[in-house]
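Read off the chains here:
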Number of protein chains: 6
Amino acid sequence: MSTATGKLCIQLINPNTSLGMTEVMAATARQVAAPGTEIWAVCPEEGAPSIEGHFDEAIAAIGVLQQVKAGRAAGVDGHIIACFGDPGLLAARELAQAPVIGIAEAAMHMATLLATRFSIVTTLPRTLTIARHLLHQYGFERHCAALHAIDLPVLALDDGSGLAQQKVREQCIAAKKSDGSGAIVLGCGGMADLAQELTLELGIPVIDGVSAAVKMVESLAALRLSTSKHGDLDYPIEKPLSGRFAGLNLGGGNV
Amino acid sequence: MSTATGKLCIQLINPNTSLGMTEVMAATARQVAAPGTEIWAVCPEEGAPSIEGHFDEAIAAIGVLQQVKAGRAAGVDGHIIACFGDPGLLAARELAQAPVIGIAEAAMHMATLLATRFSIVTTLPRTLTIARHLLHQYGFERHCAALHAIDLPVLALDDGSGLAQQKVREQCIAAKKSDGSGAIVLGCGGMADLAQELTLELGIPVIDGVSAAVKMVESLAALRLSTSKHGDLDYPIEKPLSGRFAGLNLGGGNV
Amino acid sequence: MSTATGKLCIQLINPNTSLGMTEVMAATARQVAAPGTEIWAVCPEEGAPSIEGHFDEAIAAIGVLQQVKAGRAAGVDGHIIACFGDPGLLAARELAQAPVIGIAEAAMHMATLLATRFSIVTTLPRTLTIARHLLHQYGFERHCAALHAIDLPVLALDDGSGLAQQKVREQCIAAKKSDGSGAIVLGCGGMADLAQELTLELGIPVIDGVSAAVKMVESLAALRLSTSKHGDLDYPIEKPLSGRFAGLNLGGGNV
Amino acid sequence: MSTATGKLCIQLINPNTSLGMTEVMAATARQVAAPGTEIWAVCPEEGAPSIEGHFDEAIAAIGVLQQVKAGRAAGVDGHIIACFGDPGLLAARELAQAPVIGIAEAAMHMATLLATRFSIVTTLPRTLTIARHLLHQYGFERHCAALHAIDLPVLALDDGSGLAQQKVREQCIAAKKSDGSGAIVLGCGGMADLAQELTLELGIPVIDGVSAAVKMVESLAALRLSTSKHGDLDYPIEKPLSGRFAGLNLGGGNV
Amino acid sequence: MSTATGKLCIQLINPNTSLGMTEVMAATARQVAAPGTEIWAVCPEEGAPSIEGHFDEAIAAIGVLQQVKAGRAAGVDGHIIACFGDPGLLAARELAQAPVIGIAEAAMHMATLLATRFSIVTTLPRTLTIARHLLHQYGFERHCAALHAIDLPVLALDDGSGLAQQKVREQCIAAKKSDGSGAIVLGCGGMADLAQELTLELGIPVIDGVSAAVKMVESLAALRLSTSKHGDLDYPIEKPLSGRFAGLNLGGGNV
Amino acid sequence: MSTATGKLCIQLINPNTSLGMTEVMAATARQVAAPGTEIWAVCPEEGAPSIEGHFDEAIAAIGVLQQVKAGRAAGVDGHIIACFGDPGLLAARELAQAPVIGIAEAAMHMATLLATRFSIVTTLPRTLTIARHLLHQYGFERHCAALHAIDLPVLALDDGSGLAQQKVREQCIAAKKSDGSGAIVLGCGGMADLAQELTLELGIPVIDGVSAAVKMVESLAALRLSTSKHGDLDYPIEKPLSGRFAGLNLGGGNV
């Protein structure tokens, strides 16, 4: 770890294989990072180009774990899982020594600090179930007033047309009006670059999880707090992983 | 599908790579299967030899999906995920045409039909968190009076010594006395062969999820009910999966 | 019990006194029953012709108990309470040696195995409260996206006009569109014969509790699991019941 | 109704057939009743001598309804269901024009007005499930710190030995010490006469539901508020009840 | 205390400084009070003229405590906090010897005794969050079907124009139609005088918390039950309060 | 605001009047603050010397609001309410332009990022009710495995004897052993200086809310996110506050 030098390295893991989205998120992360913080943006070499359901998430989780293993070997100070479903979050926490934060988790936590109720705006309707499960897992089901989907796939955010961005904007405006919510959570890492301008335009906090997660990792690092290794988040019990999972083997000394 | 012939094929997927456990579970499944039901017991060629945490579960989910894909290609009438954490359940439901049942799900559902409260007896304490999350996801947190762990790894059930089996028995007896529960759910596929004799010895239902899941799949097949393809469990959106996940690609026409 | 011969006898108890509805439900039950299963359809000689509220349910519960007592004397392998409010369910479980399944319970359980959220379509609006209470008791309040009533009495399903059936169909179609649910639960035993064709027409699981309950009883019988007699579901404490309840006295030997 | 004369008539319905318990409860009710209030204590002529489970409750509900019908015909100003399981509560509310209060309901409500958490002390362990369901139905599951049973049958409170009373006292003292509760709810109508002296001895509110219910009915009557007849508590839909239930028929003009 | 004489003194505390509202509420309270009950209506000399948010509530709580201290010194038999947010309720219970009832609490409790679901009609939308928190604290979140705001400030009820009253009436009528609720809770002490006529006009219970609280205090006094002094509601630990809070110092003997 | 210069000013509000505790907390805050962050530690001039119940909290809330008003006038970038009950949190958010964070809130949020379940160790048992309410309000009731009290008053932490510190340490060790929790939340601002050494000694995260809140405010400031002014957290409606509350008047132009 690099705390001696005051330097901090955060591994920003895009769980899908889209380099474009990785770049958008990295840029946003760097904008909000503290001066001494380095953002190491990665995405899996193998996997799915976008994550839009339970199946995609299961695949993405492996890519996340592979990256967390690499990040741990490199001694990073924290890991961010930059997909709104937070795929592989608890598994990654087992594997990691440093803190691991999901962007849905980060955005939802931040929203509850700023408003008594928030709304979520995401991409495809089929991902709403995943968001509902996360609200429940994190304890925020009563803090979420409503969930909305723009009904466009994730990669529409990356097609250069601006159409998806326009739909997000419209949906945010409609949600502010209809839901009685004080804040909006953007439900996709690919919307990271929209948060600041929508916050200004709408006059309420519009929260992007990538930025939020960067600050959470920095916070935990500054507090010298890391993932608990007592109980279910202790390092995985070492056992021989075979075949395509051999790369996830932990090696001697349980690390 | 084979309903024309009255034959039914259930794919019993052990998510870990242990052939011993696969056999124990297959034997139990065959004991309770209806005359016309064939149990096709499989386990992933690659993965983890036992599943004892979030990390192991993430790996196991891929093996489950690979098998579900194969099972669907073979036209099976249902899939069982035979690990008490139900790894990859919703992802598998997306991928599958037929019903998919997890053994934790099956055992918990059955328990609520027989008693107003049940206890769970499982292997390692670190897996209790997973069981608690499932209770919550399925809606049974109020039906579960207590969770207990024998504090032995999963494979101790397969070491021939009988020690783990003895501990399970003792824990079940203690739980009946202390928890005020009317039934006990066995929290590991490797305990499948213990349910019937413990039910007799304790005089209360002691429920194994493998057997329970077999009957649930048979039930759904008889009712000609299958996984909903409307909403979040619709087939995965087709997209090119790369590298070690290429084997999960769905092929033309989305099945 | 008749398991030696491979024969199984399920007592299908219509809690109201309508012979027409008893027949509709018996026919549906026989359609899905396994080859060796006999459906013994009964309804109380005394009681209410239909059940549409808390008051009707209280009356129906007595009829259910009288039938369960008779069924137990006859050695049936399971009992079904075939009214969507599951009247007298826990009382019947106390009295019974064999499993007892309610049709609301059965349908709701099945729905959660096929979809992450379901809708309910029932008869009169005043029965929605009963359905809500059951969702809560069974743990499925978060799995139910919405409840709908066609605003026709139960016996309209039995008047031969087809009007009620048409309204059910329209309501199911509307619910699929509006609720984001992957499955629909039919909220009345009198709708049992509609499930299969609506499943085909709508392309999502439309679930009838009578059929579902038949398979659940068969499942429990095959697993040799029965109602727990440890705790609150133990046989009723024997005490002299007087007057019109004398027929419910248990007789010597507490059975 | 008798409000013109300032007189109020409350029907105190003991759902079991024990005249002894009816008298104990009537005496307690009269002690706390306002000057103008008459307590009309009744119990069913037919039914169970004590209520100690779901089965007994189903039987008791019919006796309660018969009495509510009689009470309504007599123009009483309110009905109390004086058994801690509140058997038939919602059914009675449908049937009644005046308010209907259960003693578990009354005691639990009062307890939450006096302490942030309360404990329950009841008779047999098997009735704890019923109490838990009521806590849930009324919304007080988070307000109840613990439930305790003295493990003696209801009628032990009526055997003149004082043993059950002594056990209740000991259990209340133990509960105050162990649970961190500020109040205790007595979980049986037969304990009604113990509340005042235990309140003095323990120095915390020990609440009897019979007394509490008397004051609640008086309160609602004074406010001219009665059971809502809009929605699920509207009068039962009139239909011919047959056999032993004919006595519950409502007569022309819906009463 | 004045129970020897049969006299009862209830301190009705309007937490805001509006004398007009204090009078409206006092008049309503006196209408429903029992013959021997005296209503001592007070409001703080210092504070906010109306309470329409979290900030106003914090200020109001001090006024409430000052009045409770005075009421306790005067030996009143109970205190009512007559603002729908129940500001300072638990703090007041610590300070008081007699029972303390909030009007939101009173109205919500009463509503659940009369209907399985109720609606709330209040003033400004921003107070809905407070009502939601109370529903949760008291356990009634599942009993409340919907919350509505007329979007007028509290003091509009006191401006003599009748406009706010007309809006309340319209909103109640709309809520009865749309929510499927059997009762309506009026969400402001300033609506106290509307309950009786709306109950008659709408044909469902429309509940005012001021009246409800009067009867609750009378009930507790008659039962000789008072706020528990065991646990978190015990008298405040004595410590020197300084500055503008010196008036809240408890004096010797912890009272 | 001072973001142009890269400087950040956080107002650390100790809601009690103890200068000793203010200093302990300020020192801890400064230790974790980022280089450019200034900690402005204040406590009310008037109020209670320690906060150990609902009554103390109500008084403390006014002190908090007075300080928030001053802080807002001074243009601080965020406010921390440094008492584990988070007194006046939502009221402060209404009043503030900048973010407001409570230390219980901060510690609980952080704990859920590091462990699936945490325990709380606090001072007096009577404050446990407050902690339970906060767990519920924030959504973390399922994440908290157990709550413990050392049964010493808050100021024992400030008496120089080290006895309270020793008890905290012992309770933390016991909690780690008994609760199956992965992290511990320290339940009093006066324990702020213990977190780091206990984290090292116990080998699990032991979390102090003061430090956690500092990082949360820094995070929100960096993200340019502030308390929502849409809905219930909008600035208080301006109205003349009288007497001792005149100092809280907002002045023209609503600040």
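Everything quoted here is computed from the prediction, not taken from an experiment. (Residues numbered from 1 in each chain as written. Chains lettered and ligands numbered in written order. Predicted model: local features only at pLDDT ≥ 70, side-chain atom pairs only at ≥ 80, totals over all residues. Heavy atoms only, no water.)

Moving on, we get to the sheet that holds strand β5 (residues 118–122) of chain B. Residue and element names in this part refer to chain B. Within the open sheet, the 4 strands sit side by side as β6-β5-β7-β8. Their pairing is parallel. Because the sheet does not close on itself, it has two edges, and the strands there are β6 (144–149) and β8 (206–207). Where β5 lies against β6, 5 bridges are found, and the strand directions are parallel. Each bridged residue has a counterpart across the sheet, and for F118 the counterpart in β6 is C144. Where helix α5 (residues 128–138) meets the sheet, it contacts β5 and β6, and its direction lies at approximately 160° from that of β6. (Pairing = 2+ DSSP bridges. Helix = DSSP H or I, 4+ residues; strand = E, 2+ residues; numbered from the N terminus. Contact = heavy atoms within 4.5 Å. Axes fitted to C-alpha atoms, helices over the stretch in contact; angles between N-to-C directions.)

Residues and elements named next belong to chain F. In space, the 4 strands of this open sheet follow the order β6-β5-β7-β8, with parallel pairing throughout. What marks the edges here is a single partner per strand, and that holds for β6 (144–149) and β8 (206–207). Contacting β5 (118–122) and β6, helix α5 (residues 128–138) runs over the sheet at an angle of about 160° to β6.

Turning our eyes to something else, we now look at the pattern of salt bridges. Throughout the structure, instances matching the rule amount to 48 salt bridges over all chains. With a shortest N-O distance of 3.2 Å, C:E46 and D:R244 are connected by a salt bridge. You can see C:E46 sitting in the loop between β2 (37–42) and α2 (54–73) and its partner D:R244 sitting in the segment after α8 (209–222), one on each of two chains. A network of salt bridges, in which partner residues are shared, links A:E52, A:D56 and B:K239. (Salt bridge = Lys/Arg side-chain N within 4 Å of Asp/Glu carboxyl O.)

The next thing to look at is the side chain of C:H79. Within the secondary structure, C:H79 is located in strand β3 (residues 78–81). When neighbours within four sequence positions are excluded, C:H79 is seen to be in contact with C:Q11, C:I13, C:V68, C:G71, C:R72, C:A96, C:A98, C:P99, C:V100, C:I101 and C:V217.

Expressed as a screw transformation, the operator carrying chain A onto chain F has a rotation angle of 180° and an axial translation of 0.0 Å, and the superposed copies differ by an RMSD of 0.0 Å. Between the two chains, the operation in question is that of a two-fold axis. Proximity to the rotation axis, assessed at the C-alpha, singles out A:G139 in chain A; its C-alpha lies 2.2 Å from the axis. Both copies present the same face, since 100% of the interface residues in chain A are matched by interface residues at the equivalent positions in chain F. (Least-squares fit on C-alpha atoms with pLDDT ≥ 70 in both.)

Across the contact, 46 residues belong to chain A and 46 residues belong to chain F. Of the roughly 3,500 Å² buried between chain A and chain F, counting both surfaces, carbon and sulfur atoms make up 63%. When the buried surface of chain A facing chain F is broken down by residue, A:L113, A:L114 and A:H230 rank first, second and third, together holding 19% of it. At the boundary of chain A and chain F, one finds 2 salt bridges. The salt bridge involving F:R142 is made with A:E141; its shortest N-O contact spans 3.4 Å. Our enumeration of links across chain A and chain F arrives at 20 residue pairs in polar contact (both at pLDDT 80 or more). No other element matches the 7 residues that helix α8 (residues 209–222) of chain A contributes to the side of chain A that touches chain F. Each residue belonging to the side of chain A that touches chain F can be placed in one class, and the counts come to 21 nonpolar, 17 polar and 8 charged. (Buried area = accessible area lost by both parts, 1.4 Å probe. Polar contact = N/O pair within 3.5 Å; in protein donor to acceptor, adjacent residues only side chain to side chain. Nonpolar A, V, L, I, M, F, W, Y, C, P; charged D, E, K, R; others polar.)

All names here are of chain C. Positionally, M25 belongs in helix α1 (residues 19–32). By relative accessible area, M25 is classed as buried at 0%. M25 sits 134 residues away from D159 along the chain, and the two C-alpha atoms are 15 Å apart. Filtering out sequence-adjacent residues up to four positions away, M25 remains in contact with L12, N14, A82, G189 and V210. (Buried < 20%, exposed > 50% of the residue type's maximum accessible area, 1.4 Å probe, protein only.)

A few words on the environment of A:A60. Residue and element names in this part refer to chain A. Inspection of the secondary structure puts A60 in helix α2 (residues 54–74). Along the backbone, A60 and N16 are 44 residues apart, and their C-alpha atoms lie at a distance of 6.4 Å. Not counting residues within four places of it along the chain, the set of residues in contact with A60 comprises P15, I51 and P87.

Chain B makes no contact with chain E; the smallest distance between any of their C-alpha atoms is 16 Å. There is no contact between chain C and chain F; across them, the least C-alpha separation is 16 Å.

The subject of this paragraph is the confidence of the model for chain A. Here chain A shows a mean pLDDT of 94. Residues at 70 or above account for 96%. Our summary of model confidence lists the complex with pTM equal to 0.96 and ipTM equal to 0.96. (pLDDT = per-residue confidence, 0-100.)

Right, let's talk about the packing of α2(A) against helix α2 (residues 54–73) of chain B for a bit. For the pair α2(A) and α2(B), interaxial distance at closest approach is 9 Å and the crossing angle is 130°. Compared by their axis directions, α2(A) and α2(B) come out oblique. For α2(A) against α2(B), the interelement crossing comes out left-handed. Where α2(A) approaches α2(B), its residues A:F55, A:A58, A:I59, A:A61, A:I62 and A:L65 are matched on the opposing element by B:F55, B:A58, B:I59, B:A61, B:I62 and B:L65. Looking at side-chain class alone, the contact of α2(A) with α2(B) contains 12 nonpolar, no polar and no charged residues. (Parallel < 35°, antiparallel > 145°, perpendicular 65-115°, else oblique. Left-handed = near helix turned anticlockwise from the far one by under 90°.)

We now examine the pairing of strand β7 (residues 183–186) of chain A. All names here are of chain A. Across the two faces of β7 the burial is the same, with A183 and V185 and I184 and L186 all buried. Of the pairings in the sheet, the one linking β7 to strand β8 (residues 206–207) comprises 2 bridges and is parallel in character. Bridge pairing in β8 places V185 opposite I207. With helix α7 (residues 195–202) bridging β7 and its parallel neighbour β8, the resulting β-α-β unit is right-handed. (Right-handed = clockwise from strand over helix to strand, strands pointing away.)

Further remarks concern the side chain of E:N16. All names here are of chain E. As for its position among the elements, N16 is in the loop between β1 (8–13) and α1 (19–32). Polar contacts involving the side chain of N16 include one to the side chain of N14, which spans 2.9 Å. A distance of 2.8 Å separates the side chain of N16 from the backbone nitrogen of S18, its partner in a polar contact. Not counting residues within four places of it along the chain, the set of residues in contact with N16 comprises M21, C43, P44, A48, P49, S50 and I51.

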